[in-house]
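# Architecture and fold: a report
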Amino acid sequence: MKELLDILGEELKRGFREAGYDDSKISVSVSNRPDLCEYQCNGAMALAKEAHKAPFMIADEVIEKIKGSEYFSNAECVKPGFINLNINPAFLASYLSEEASSEKFGMEMIVKEKAVIDYGGPNVAKPLHIGHLRAAIIGEAVKRLSKYVGNDTLGDIHMGDWGLQMGLIIAEMKERGMDHMPSLDELSEIYPAASERSKNDDLYKEKAMDITFDLQHGNEEYLKIWRHIMDISVADLKQNYDKLNVSFEIWKGESDADPYIAPMVEKMKKEGYAYESQGALVVDVSEEKDAKELPPCMILKSDGASLYTTTDLATLVQREQDYDPDTVIYVVDKRQDLHFEQVFRAAKKCGIVPEDTRLSFLGFGTMNGKDGKPFKTRSGGVMKLESLLDEVYDKCLERMNQSGADIPEDEIKDTAAKIALAAIKYGDLSNEARKDYVFDIDKFTSFEGNTGPYILYTMVRIKSILRKYQENKGDNGDADIKPAHDEVEKSLMMTLAGFSPMIKGAWRELAPHRICAYIYQVANDFNRFYHETKILTEEDETRQRSYIALITLTLRILEDAIDILGFEAPEKM
Ligand code: ARG
């Protein structure tokens, strides 16, 4: 389906053409003065010089040509030469009716690509903490968005499962003379203890490093322990991600990249990309255009051990071989930007990925507490993800009790969980990912304002109207949408017509916050409409059916949008 602004833009192009002007740069945009008009076209200004005419004269000639257009109810020139436009309500209504009956509301993506989204990145055997929350929330939204626009998309959790933490755990087990495989509870105690001890005990740390090295080089005893730790940790991770409504198509980790490292390094050496520098193996990745020189990318340490960079490059070898992606997007803490810049450049330079494969880094900022410092528990420790979820859940239960909704006993838990998830995810996603944000539980769980629960509350309100309407009329509201009867209804309609460009923009810019901003506007427009319109008591049946069709479309758009964001709405709240 053609986008509304394109249709309006083409009509203006026709006007300019027929008035004898170059139409190549003519377009229509949403008005930045909604108090004056709905849309605008500023094309006359740029043509004035060449035409030796005042812009308003050109604008007047164009307006003459589009008089009587089916698309506009009003077109007028405002000096020095703006064309202010109002859309014809009849055309807007027919546009929305078509939108309502089209798949994905008429959104068509031209490019359909193969995408791998690398997000999550938990470190096995360490508890999930809130640092992993943003990766999960933003990554899941980007993945769902990618699927929505039609890409063949795979989410890869890329666990940190091959590093020093494994050596530390095994070292500590040996130290204690443990003769059994650790349980999850034991693990959650062993790792911090080992990590703490290694900070002050060099010998101990060295031992852990040796064990890590041996593990990575096939030591059977260590591999057996490692496999056990993986089994119990992955099961636990799955449960935790489940609670966040986050799931992965691919459960690979750094360990899976291991077999690709040796042949990759061989090739890099043979082709002359990798060379020895102070005993280590490196690849130059600096480029002429760099303002600040990028340090060489280290592939192997002098003892032959591989690094974080090495695993990421080898993972690209594996992805290339198994999926052949057009685009790979990494959703990781923005402090890792240098790492990814090195990886991307080395991958291109060494021909690990083709030149035209897009490698993008969506780096996110820190989640801070109200004091502006990285979020901590009340006692000052790093907060575990589970505790945070519980806290938000309790707060939502409290809010539900205050709001006095009559929710059946058996649905209360499920409802509170849905609201809590919306509070957390929307609170995060409504900020530009790259920026830090403040986690404010009171604000995020509020049913009013720019929050997840407010969006859900709006949806629940629509659901309730639709339920009552169906009970009374037994009609499912599949009527056509009729021309708006007032400005408030028209505003809602114009916003709904903007769904498709919004989604495309959010994908192009990898910006889930644009979806949040959009649904906030939809919710506000709807609530204004709701307060000014008697929907259920409207006597004119045609008009009422049109209202129902309009709010049904509103709900469906909100449903798709929050599904992309990774949460859902309850029936009541
Ligand atoms: N495990 C890493 C960490 O906790 C994140 C992994 C990010 N993804 C990647 N392909 N490097 O910092």
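Residues numbered from 1 in each chain as written. Predicted model: local features only at pLDDT ≥ 70, side-chain atom pairs only at ≥ 80, totals over all residues. Heavy atoms only, no water.

### With respect to the overall build of the protein chain
Keep this limit in mind: Here a helix means four or more residues in a row that DSSP labels H or I, a strand means two or more in a row labelled E, and each is numbered from the N terminus. Each residue is placed in one exposure class: buried if its accessible area under a 1.4 Å probe, protein chains only, is under 20% of its type's maximum, exposed if it is over 50%, and partly exposed if it falls in between. Residue contacts are counted whenever heavy atoms from the two residues lie within 4.5 Å of one another.
Helix and strand content of the protein chain: 20 helices and 13 strands. Looking at the 573 residues of the protein chain, the share that counts as buried comes to 52%. Residue pairs in contact within the protein chain that sit at least 24 positions apart in sequence constitute 72% of those at least 6 positions apart.

### Notes on the site of the ligand
Put simply, the test is: Nearness of a residue to a molecule or strand requires only that one of the residue's heavy atoms be within 4 Å of it. For the purposes of these results, a polar contact is taken to be a pair of N or O atoms within 3.5 Å, where, inside protein, one atom must be able to donate a hydrogen and its partner to accept one; residues adjacent in sequence count only when each atom of the pair is a side-chain atom. For the area figures, the Shrake-Rupley method with a 1.4 Å probe applies, and any residue is considered shielded solely by the protein chains shown. Any residue that is not Ala, Val, Leu, Ile, Met, Phe, Trp, Tyr, Cys, Pro, Asp, Glu, Lys or Arg is counted as polar, Gly included; the first ten are nonpolar and the last four charged.
Around the ligand sit D118, G121, N123, H132, H158, Y308, D312, Y330, V332, Q336 and F340, and that is every residue in its neighbourhood. At 2.9 Å from a nitrogen atom of the ligand is found a side-chain nitrogen or oxygen belonging to D118. Between the ligand and G121, the relevant distance is 2.9 Å, taken from a nitrogen atom to a main-chain nitrogen or oxygen of the residue. In isolation the ligand has 350 Å² of accessible area, and contact with the protein removes 85% of it. A class-by-class count of the residues in the shell around the ligand yields four nonpolar, five polar and two charged.

### With respect to helix α6 (residues 164-175)
Heads up, the condition is: To estimate the expected span of a helix, subtract one from its residue number and multiply by 1.5 Å.
Compared with the 16 Å implied by 1.5 Å per residue over 12 residues, the 16 Å span of α6 between its first and last C-alpha is a close match. The element α6 is largely enclosed, with a buried count of nine among its 12 residues. Buried within α6 are the following residues: Q165, M166, G167, L168, I169, I170, A171, E172 and M173. Downstream of α6 by one or two residues, G177 has phi in the positive range, about 65°.

### A closer look at the sheet that holds strand β3 (residues 72-78)
In plain terms, the rule: Strands were regarded as paired on the criterion that DSSP finds at least two bridges between them.
Strand order in the open sheet formed by four strands is β1-β2-β4-β3, and the pairing between neighbours is antiparallel. Looking at strand neighbours, the two that pair on one side only are β1 (29-30) and β3, the edges of this open sheet. Pairing of β3 with strand β4 (residues 82-87), which is carried by six bridges, proceeds in the antiparallel orientation. Counterpart to F72 in the pairing with β4 is I87.

### Overview of the side chain of N527
If you trace the backbone, N527 turns up in helix α19 (residues 512-532). The contacts of N527, once residues within four sequence positions are left out, are Y454, T458 and R461.

### Focus on the pattern of salt bridges
Short version of the rule: Any carboxyl oxygen of Asp or Glu that lies within 4 Å of a side-chain nitrogen of Lys or Arg is treated as forming a salt bridge with it.
Enumeration according to the criterion identifies 43 salt bridges in this entry. Residues D152 and K114 are paired through a salt bridge, measuring 3.8 Å at the closest nitrogen-oxygen approach. With D152 in strand β6 (residues 152-156) and K114 in strand β5 (residues 114-118), this pair connects stretches of sequence that are 38 residues apart. Overall, the relative accessible area of 25% leaves K114 in the partly exposed class. Of the charged contacts in the structure, one is a salt bridge between D414 and K418, with a shortest N-O distance of 3.2 Å. Of this pair, D414 and K418 both sit in helix α14 (residues 412-429), separated by four residues, roughly a single helical turn. Among the residues examined, D414 registers a relative accessible area of 42% and is labelled partly exposed. A single salt-bridge network, built from bridges that share partners, covers E140, K143, R144, K147, E249 and D563.

### Thoughts on the sheet that holds strand β11 (residues 358-364)
Stated precisely, the cut-off is as follows: Think of each axis as a best-fit line through the C-alpha atoms, taken over the contacting stretch in the case of a helix, with angles from 0 to 180 degrees between the N-to-C directions.
A sheet is described by the order of its strands in space; here four strands give the open sequence β6-β5-β10-β11, paired in parallel fashion. Two strands lie at the open edges of the sheet, namely β6 and β11, each paired on one side alone. On average, adjacent strands in this sheet sit at an angle of 15° to one another, irrespective of strand direction. Sheet topology places β5 next to strand β10 (residues 327-333); four bridges connect them, and they run parallel. Its bridge partner being in β10, A115 is matched across the sheet by T327. Lying on the sheet, helix α11 (residues 308-322) is in contact with β5, β6, β10 and β11; it crosses β10 at an angle near 150°.

### Observations concerning helix α7 (residues 184-200)
Look at α7: 26 Å from first C-alpha to last across 17 residues, which is about the 24 Å you get at 1.5 Å a residue. Buried residues along α7 sit in contact with α6, α8 (202-216) and α9 (220-243).

### Observations regarding the packing of aromatic side chains
Working definition: an aromatic ring pair is given by the centre-to-centre distance plus the angle between the planes. Spelled out, the test is: The aromatic pairing rule takes the rings of Phe, Tyr and Trp, using the six-membered ring of Trp, and pairs them if the centres are within 6.5 Å, calling planes under 30 degrees apart stacked, those over 60 edge-to-face and the rest tilted.
Applying the stated criterion across every chain yields a total of 20 aromatic pairs. Centroid distance F375 to F439: 5.2 Å. Interplanar angle 75°. Geometry classified as edge-to-face. With F375 in the loop between β12 (367-368) and α13 (385-403) and F439 in the loop between β13 (437-438) and α15 (441-444), this pair connects stretches of sequence that are 64 residues apart. The residues F375 and F439 share a single accessibility class, namely buried. Taken together, a centroid distance of 5.2 Å and an interplanar angle of 75° make the contact between F439 and F444 edge-to-face. Like F444, F439 is buried.

### Some details on the pairing of β5
Threshold: Orienting the strands away from the viewer, one traces the path from the first strand over the helix to the second; a clockwise path indicates a right-handed crossover.
Of all five residues making up β5, four are buried, and the element is well covered by its neighbours. Here five bridges tie β5 to β6, and the two strands are oriented parallel to one another. Bridge assignment links I117 to a residue of β6, and that residue is G155. For the crossover from β5 across helix α5 (residues 131-148) to β6, the handedness is right-handed.

### Looking at the nonpolar core
Filter applied, for reference: Nine residue types can take part in a nonpolar core, namely buried Ala, Val, Leu, Ile, Met, Phe, Trp, Tyr and Cys, and a core is a set of them joined through side-chain atoms within 4.5 Å.
If you look at the biggest cluster of nonpolar residues, it comprises 155 residues, and the most contacted ones within it are L12, F16 and I503. Counting residues per element, this core draws most heavily on helix α20 (residues 541-565), which supplies 13 residues. In contact with L12, other than residues within four places in its own chain, are I26, V28, C41, V62, I66, F72, I83 and L85. Formed by 34 residues, the second largest nonpolar core is a distinct cluster that contains V265, L294, C297 and A346.

### Some details on the pairing of strand β7 (residues 274-277)
Note: β7 against strand β8 (residues 280-283), four bridges, orientation antiparallel. Bridge pairing in β8 links A274 to V283. Once β7 ends, the chain turns through two residues before running back antiparallel as β8, passing Q278 with a positive phi of about 50°.

None of the figures reported here should be taken as evidence of function without further support.
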